[in-house]
Amino acid sequence: MHRKHLLTELESYKTGFTHEAKMKDEMISFIRKNNQCFDRKLATGHITGSAWIQNNSRDSVLLMHHRKLDKWLQLGGHADGDSNIKFVAIKEAQEESGLLNFEFRSKTIFDLDIHLIPAQSNNPEHFHYDIRYHFLTDDSVPIIKNHESIDLAWIPLNQISEYTKEESILRMVEKSQIL
């Protein structure tokens, strides 16, 4: 699996958030140490790709109420061996929303997060090393939730805190407002 491109992208990523900068260093170290970092079979953790999707007027974001985690989160998921994390983010966004057309707000990394996933069924507790990209799309196109979500909704940015207190989500809201 090819890690060089992602490492180059991570090394050039700049953030003004101290906690995120620490996660960037941890993520780079994790990728360098683990050839199979894109494979969910790596029991300690693996790379995931997510999509922070705003409507074209940039006043709302598409979030899913994740079935297994019971939290409102951005769309995204496992790389399953694919080292093209931008593609993974788009593919997951399409699968989880039914939307097909996304425009990159920026073709560079938008946000990073490392978070612990609790043990479930046959899967032990592990980390997701999540690479997030920023997209725009038309919010007049109907969205279709899949089996992974309880709900899927366009949430106004100024109401996000009514849905979640997740630090990484609130950080992405802040970033959305300064771009």
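Below, the structure is looked at part by part. Note that the coordinates shown come from a computational prediction; the quantities given were computed from them, not determined experimentally.

### Concerning the overall build of the chain
Looking only at helices and strands, the chain features four helices and eight strands. Over its C-alpha atoms the chain spans a radius of gyration of 15 Å, differing by no more than 12% from the 16 Å that the globule rule assigns to 179 residues. Each principal axis of the C-alpha atoms in the chain carries an extent, and together these give about 45 × 35 × 30 Å. Across the 179 residues in the chain, those meeting the buried criterion constitute 48%. A separation threshold of at least 6 residues defines the contact pool for the chain, and within that pool the share at least 24 residues apart is 69%.

### Side note on the environment of N55
Its location among the elements puts N55 in strand β1 (residues 45-55). Linking N55 and H5, residues 50 residues apart in sequence, is a C-alpha distance of 29 Å. Not counting residues up to four positions away in its chain, the partners in contact with N55 are S60, L136, T137, D139 and W154. Side-chain polar atoms of N55 contact the backbone nitrogen of S60, separated by 3.1 Å.

### Points about the pairing of strand β7 (residues 126-137)
Strand residues, when the strand is regular, have side chains that alternate between the two faces of the sheet. In terms of burial, β7 is largely enclosed, as 11 of its 12 residues are buried. Summarising the sheet, β1 and β7 pair through 11 bridges and their orientation is parallel. Of the residues in β7, the one forming a bridge with I53 is F135. Relative to β7, strand β5 (residues 103-104) runs antiparallel, the two sharing two bridges.

Calculation notes
- Residues numbered from 1 in each chain as written.
- Predicted model: local features only at pLDDT ≥ 70, side-chain atom pairs only at ≥ 80, totals over all residues.
- Heavy atoms only, no water.
- Helix = DSSP H or I, 4+ residues; strand = E, 2+ residues; numbered from the N terminus.
- Rg over C-alpha atoms; globule rule 2.2 N^0.38 Å.
- Buried < 20%, exposed > 50% of the residue type's maximum accessible area, 1.4 Å probe, protein only.
- Contact = heavy atoms within 4.5 Å.
- Polar contact = N/O pair within 3.5 Å; in protein donor to acceptor, adjacent residues only side chain to side chain.
- Pairing = 2+ DSSP bridges.

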